[in-house]
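Single-letter residue listing:
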Amino acid sequence: MVKESVRTVNFGSAEIQYILERKKVKNINLRIKRDGTVKVSAASFVPAKRIDEFVLSKGEFILSALEKFSQRAEFSESSRKYEDGDSVYIMGMRLYLKVLPGKPAVEADGGYIYLTLKDTDDIEKKKRLMEKFWNEQCTLNFEKILDEIYPIFSKMGIDKPELRIRKMESRWGSCAYRKGIITLNKRLLAAPRECIEYVIVHEMCHFIHPDHSKQFHNLVASIMPDWKERKNILEKTPQCWY
């Protein structure tokens, strides 16, 4: 039976509150949920003081993660009002939203996205227009990058996969290697092009090595030697979308 308790430690001037789960595990494990909940699991015989020390040793990482999730929440769909000056990242470029009266449409020009509609206060209509625009941009850009990368895998005897795009909470992409399908996260559109290339190469490599074995990572590295740098950039990408 899992027993839970709430504990608090002070990391410098910051206070970190976490939920301690007592269960049968070999190590002390840390997990930070997207809603900002910090969870730590440990066996019943591990002293609470030792667990507190473990959390403090991860203090900088925890605060950094909480700040990142806070920024993501700030730009979540539920909080979006689609107003002038809102930031939208597409292919790593920060664009600013301009809302104007007119025929319903969305167009991007330089550093701006122009959202026009009859009632500029209609949030639901603005959301639908921006979702349609975002989906079109995902299809356009992801298909183009896949077309450029595919020849590498064609030489390995891999058929060109079907590309699907959807919203995913915890992954940038996935590969259904038996069905010949790769799926990319709609939110990936916010990332720089080199990060999108990395995710596509990563998923394509799963058609050869379905797991994350040493052979898989060696293949990724042979195709994209700087994949780790690209992955690090991806993890820091602002989560700002339609």
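For the structure itself, consult the block above.
Described below are features of the structure shown in this document. All figures in this text were calculated on a predicted structure; none of them were measured in a lab.

### Observations concerning the packing of aromatic side chains
Point 1. Using the criterion set out here, one finds two aromatic pairs in the structure.
Point 2. Consider the rings of Tyr112 and Tyr114, whose centres lie 6.1 Å apart with planes at 35°: the pair is tilted.
Point 3. When the centroid spacing of 6.1 Å and the interplanar angle of 15° are considered together, the rings of Tyr198 and Trp227 count as stacked. Here Tyr198 is found in helix α4 (residues 193-205), whereas its partner Trp227 is found in helix α6 (residues 227-235), with 29 residues between them in sequence.
Point 4. By relative accessible area, which is 6% here, Tyr198 ends up buried.

### A short note on the sheet that holds strand β10 (residues 173-176)
Point 1. Read from one edge to the other, the open sheet built from three strands follows the order β9-β11-β10, with strand pairing classed as mixed. At either margin of the open sheet sits one strand with a lone partner, and together these are β9 (162-166) and β10. Direction aside, neighbouring strands of the sheet carry axes that sit 20° apart on average.
Point 2. In the sheet, β9 pairs with strand β11 (residues 181-185) via five bridges, with the strands oriented parallel. By the bridge assignment for β11, Arg166 is matched with Asn185.
Point 3. Running at roughly 145° to β9, helix α3 (residues 123-154) makes contact with β9 and β11 of the sheet.

### So, the pairing of strand β8 (residues 112-117)
The side chains of a regular strand alternate between the sheet's two faces.
Point 1. Here strand β6 (residues 93-101) pairs with β8 via six bridges, running parallel. Counterpart to Pro101 in the pairing with β8 is Leu117.
Point 2. Hairpin remark: strand β7 (residues 105-109) followed by β8, antiparallel, with two residues in the connecting loop; positive phi at Gly110, about 65°.

### Here we look at the packing of α4 against α6
Geometrically, a packed helix pair is captured by the angle between its two axes and the distance between the axes.
Point 1. α6 packs onto α4 with a crossing angle of 115° between their chain directions and a minimal axis gap of 9 Å. The way α4 lies across α6 gives a crossing that is left-handed. Here Glu194, Cys195, Glu197, Tyr198 and Val199 of α4 lie close against α6, whose contacting residues are Trp227, Arg230, Lys231, Ile233 and Leu234.

Here is what the cut-offs are and how they apply
Residues numbered from 1 in each chain as written. Predicted model: local features only at pLDDT ≥ 70, side-chain atom pairs only at ≥ 80, totals over all residues. Heavy atoms only, no water. Phe/Tyr/Trp six-rings, centres within 6.5 Å; stacked < 30°, edge-to-face > 60°. Helix = DSSP H or I, 4+ residues; strand = E, 2+ residues; numbered from the N terminus. Buried < 20%, exposed > 50% of the residue type's maximum accessible area, 1.4 Å probe, protein only. Pairing = 2+ DSSP bridges. Axes fitted to C-alpha atoms, helices over the stretch in contact; angles between N-to-C directions. Contact = heavy atoms within 4.5 Å. Left-handed = near helix turned anticlockwise from the far one by under 90°.

These figures come from the coordinates and say nothing about function on their own.
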